[in-house]
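Below, each chain spelled out in residue letters.
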Amino acid sequence: MVDVEDARAGVGGSEPEASDSLKTFGAVHKALRETAGLTQEEYAEIVGYSVHAIAKLEQGRRFPQPKFIARAGDVLGAPKVLRAAARNLTRRQGLASWFQQWAGIEEEAISLYAYECRAIPGLLQPEAYIRAIFERRLPPVTEERLEREVAARLERQQLLTKRPNTAFSFVIEQALIERRVGGVGVTKALINHLLEVGKLRNVEIQIMPLQQEDHVGVDGQMYLAETPEHQWVGYTEGQRSSNLITAPEDVSVLLQRYGKLRAQALDCRATVSLLTQIRGAL
């Protein structure tokens, strides 16, 4: 039985506030299920999700992904009705609209790879670093919105500990550490956080040194996720936009490049040594 919706709803056990659109979708879904004469237990078995996930979805506390909506529509014989109910769904506050689709994939991935040359990956950012980059972002945002976005990013990070069977790999450019975003204090907090997270058995953090003549990451950052069905999906970001990459030939290119990046970066032990050295020089 797949617990996909449990992971997507809000990691770390805390559940998001139910928005009106999520409550509406849940109510429509429940009405269709009951009209079909199915209990939650019977329905969960048919669609391949847990009873817990179905219950929370019908309470408006689970965000249904497109794959689930399509499956549910087929089972309940009302694909158009469910698609219409899902059209105006809103996800957790604090996540950009263009990021939400990747967030759903990220939350159920069994392997997650990231190469970053712009900023420390969101899953690895300590609160001080998050605040430093959000406070400097233009145009400025209200204090209320800043707090929502900080909370949303910190919530996402619980994936690292709540999904111990997911393999996380991060390749980070040394320049992102040396840049000292937010100042020396923030940089020390960042290094301490990376060293601590790097101790998790399911997390590998590698630094790409400043000098690497054969660097293959010149086309920019990339993220890769392996789904529970063992399919790979790629993801890249631009200025207020994103690109989900699903074509097998394109995903293959990213996997080849990421494999080479891992080989070119410092190994995990050398990364710890370098981070400790940088911290000592601050």
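Each value, and the rule that gives it
- Residues numbered from 1 in each chain as written.
- Predicted model: local features only at pLDDT ≥ 70, side-chain atom pairs only at ≥ 80, totals over all residues.
- Heavy atoms only, no water.
- Helix = DSSP H or I, 4+ residues; strand = E, 2+ residues; numbered from the N terminus.
- Contact = heavy atoms within 4.5 Å.
- Pairing = 2+ DSSP bridges.
- Axes fitted to C-alpha atoms, helices over the stretch in contact; angles between N-to-C directions.
- pLDDT = per-residue confidence, 0-100.
- Buried < 20%, exposed > 50% of the residue type's maximum accessible area, 1.4 Å probe, protein only.
- Arc of directions from axis to C-beta.

Q: Help me get a handle on the environment of A114, residues and values and all.
A: Looking at the secondary structure, you find A114 in strand 1 (residues 111-116). Setting aside anything within four residues of it in sequence, one finds A114 in contact with S169, F170, V171, M222, Y223 and Y258.

Q: Which residues make up the sheet that holds strand 6 (residues 241-245), and what are the values?
A: Spatial strand order, 3-2-1-4-5-6: six strands in an open sheet with mixed pairing. In this open sheet, the two edge strands, each paired with only one partner strand, are strand 3 (203-208) and strand 6. Neighbour to neighbour, the strand axes of the sheet diverge by 15° on average, direction disregarded. As paired elements, strand 2 (residues 167-173) and strand 3 share six bridges and run parallel to each other. Residue pairing in the sheet places S169 in a bridge with E204 of strand 3.

Q: I'd love a proper account of the confidence of the model for the protein chain, names of residues and values included.
A: Per-residue confidence for the protein chain gives a mean pLDDT of 87, with 88% of residues at or over 70. Throughout residues 1-18 the model reports pLDDT below 50, and contacts reaching past four residues in sequence, or to other chains, amount to 59 contacts.

Q: Give a detailed account of helix 3 (residues 40-47), specifying residues and quantitative values.
A: By the burial criterion, the buried members of helix 3 are Y43, A44 and V47. Here the buried residues of helix 3 occupy an arc of 100° about the axis, which is enough to place them on one side. Exposed side chains of helix 3 directed beyond 90 degrees from the buried face belong to E41 and E45. Positive backbone phi, approximately 80°, marks G48, located one or two places after helix 3.

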